[in-house]
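# A closer look at the structure
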Amino acid sequence: MSLQNFLSALDSLKSEAISTLDSVKDADAFEAARVKYVGQKKGALRDIQKQMGSVAAEDRKSAGMRLNEVKQAIEAAVNDAQNRLGGGGGSDSDPTFDPTLPGVRPNIGHVHPITQTISHLTEIMGRMGFEAAEGPEVEDPWHNFVALNIPEDHPARDPLDNFYLATAQTGDERRNEEGSRLLRSQTSTVQIRVMENRQPPIRVISLGRVYRPDDPDATHFPMFHQMEGLLVDTHVTMANLKTVLRVFATNYLGGDVEIRFRPSFFPFTEPSVEVDFLWDGQWIEFGGAGMVDPNVFRAVGYDPEEVSGFAFGLGVERLCMRRHGIKDIRDLYSGDMRFLSQF
Ligand code: DAH
């Protein structure tokens, strides 16, 4: 073929292809035109490319350059037509795809309400100078019981009331021996861990999970959270304890919350009290507290004649549920997004 003929064949292909592509009205017409001009097997562009072999060798360079220009122009027309038809067309187009439907928004996660509560409580106590401390959830009997003045025959150590971790060497019957472990049943363990490592004055809180083999119901769950507080200094009194708890409750629950102490007993405090807050005209128990028992100070090597202190332990779920009007603790742990996304 002469160069002249080749070039004019290219020109007419170009104008025909572009005007066809510019006027396609739907995906079917587009697909037909696409296959006709740029199809891999029998497309017109491919055909004409093959014919270039019959152009004289010295003309091939200019023939090739022109071929490339035409190819680019037709491919651009294919893209334009595809865009004009809304991105459809092409052999992989999905006939069930409806571009007019609303999109699917990805779910953006957020912090769990209990984690939000922990941050809030930490922040309030931080303003009163309490520093956050942590301890392990897998504990030994020393930190969970012995150092807290809880004797071996105390019901709190009953295997049925605790999650002892049975291993080859430490079956249930050996739970009191060195080396046995349990999931901590209270955050009071952290009092001991802090005092073992520091000297007074001490002002810490510890927020974390505790475990007890309770059947789940609206107010019980085998895993829950406590906020433990400990202040050790000289001349600490119960009035200090009451003020700290009242300021805390007022900040967290809002309004000027009244607080009430009822006499109680805990092995690690003397005297011991149950702590109630007046909320919506009702007295509600939020936890226990008291003055640190001298035996606890002795266990960590402090001199009870020199130092005094108070401690308290409050239920984090109970606080969170009161503040947000949550009626069932199980809602917090069901993983139901309809519930969780409200927070
Ligand atoms: N550890 C107690 C419990 O889980 C709560 C408690 C009571 C903590 C009195 C204290 C305290 O620090 O002084 O029931």
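Residues numbered from 1 in each chain as written. Predicted model: local features only at pLDDT ≥ 70, side-chain atom pairs only at ≥ 80, totals over all residues. Heavy atoms only, no water.

## Overview of the pattern of salt bridges
- Inspection of every chain in the model, using the stated rule, returns 14 salt bridges.
- Between R34 and E31 there is a salt bridge, and its shortest N-O distance comes to 3.0 Å. On the criterion of helical spacing, the pair formed by R34 and E31 is a turn pair, its members being 3 residues apart in helix α2 (residues 27–38).
- R209 is paired through a salt bridge with E137; the nearest N and O atoms lie 3.2 Å apart. Of the two residues, R209 is situated in strand β5 (residues 202–211) and E137 in the loop between β1 (131–132) and β2 (138–139); the sequence distance between them amounts to 72 residues.
- Accessibility expressed as a relative area gives 26% for E137, which makes it partly exposed. (Salt bridge = Lys/Arg side-chain N within 4 Å of Asp/Glu carboxyl O. Helix = DSSP H or I, 4+ residues; strand = E, 2+ residues; numbered from the N terminus. Buried < 20%, exposed > 50% of the residue type's maximum accessible area, 1.4 Å probe, protein only.)

## Quick look at a negative patch on the surface
- Together, D158, D161, D214, D215 and D217 make up a negatively charged patch on the protein surface.
- Position of D158 relative to the elements: it lies in the loop between α6 (141–144) and β3 (163–165).
- On the basis of relative accessible area, D158 is assigned to the partly exposed category, the value being 31%. (Patch = residues over 30% accessible without salt bridge, like charges linked within 9 Å, V, L, I, M, F, W, Y side chains within 5 Å. Areas by Shrake-Rupley, 256 points an atom, 1.4 Å probe, with all protein chains shown as cover. Lys, Arg positive; Asp, Glu negative; His and termini not counted. Charge placed at Lys NZ, Arg CZ, Asp CG, Glu CD.)

## Some words on the domain arrangement of the protein
- Splitting the protein by domain gives domain 1 (3–85) and domain 2 (113–165 + 178–341).
- Taking only C-alpha atoms into account, the centre of domain 1 sits 79 Å from that of domain 2. (Domains from an automatic or database assignment.)

## What to know about helix α1 (residues 3–23)
- Look at α1: 30 Å from first C-alpha to last across 21 residues, which is about the 30 Å you get at 1.5 Å a residue.
- Turning to α1, its buried residues are L3, F6, L10, L13, A17 and L21. End-on, the buried residues of α1 take up no more than an arc of 90 degrees, which puts them together on one face.
- Check the buried side of α1 and you find it contacts α2, α3 (44–51) and α4 (60–84). (Expected span 1.5 Å × (residues − 1). Arc of directions from axis to C-beta. Contact = heavy atoms within 4.5 Å.)

## Side note on the site of the ligand
- Close contacts around the ligand come from 15 residues, with Q186, S188, R212, Q226 and E228 the closest.
- At 2.7 Å, a side-chain N or O of R212 approaches an oxygen atom of the ligand.
- Contact between the ligand and A311: an oxygen atom at 3.1 Å from a main-chain N or O atom of the residue.
- A total of 360 Å² of accessible area belongs to the ligand in isolation, and the protein chains cover 90% of it.
- For the shell around the ligand, the secondary-structure elements that each account for two or more residues are β6 (223–233), β9 (282–292) and β10 (308–315). (Near = heavy atom within 4 Å. Polar contact = N/O pair within 3.5 Å; in protein donor to acceptor, adjacent residues only side chain to side chain.)

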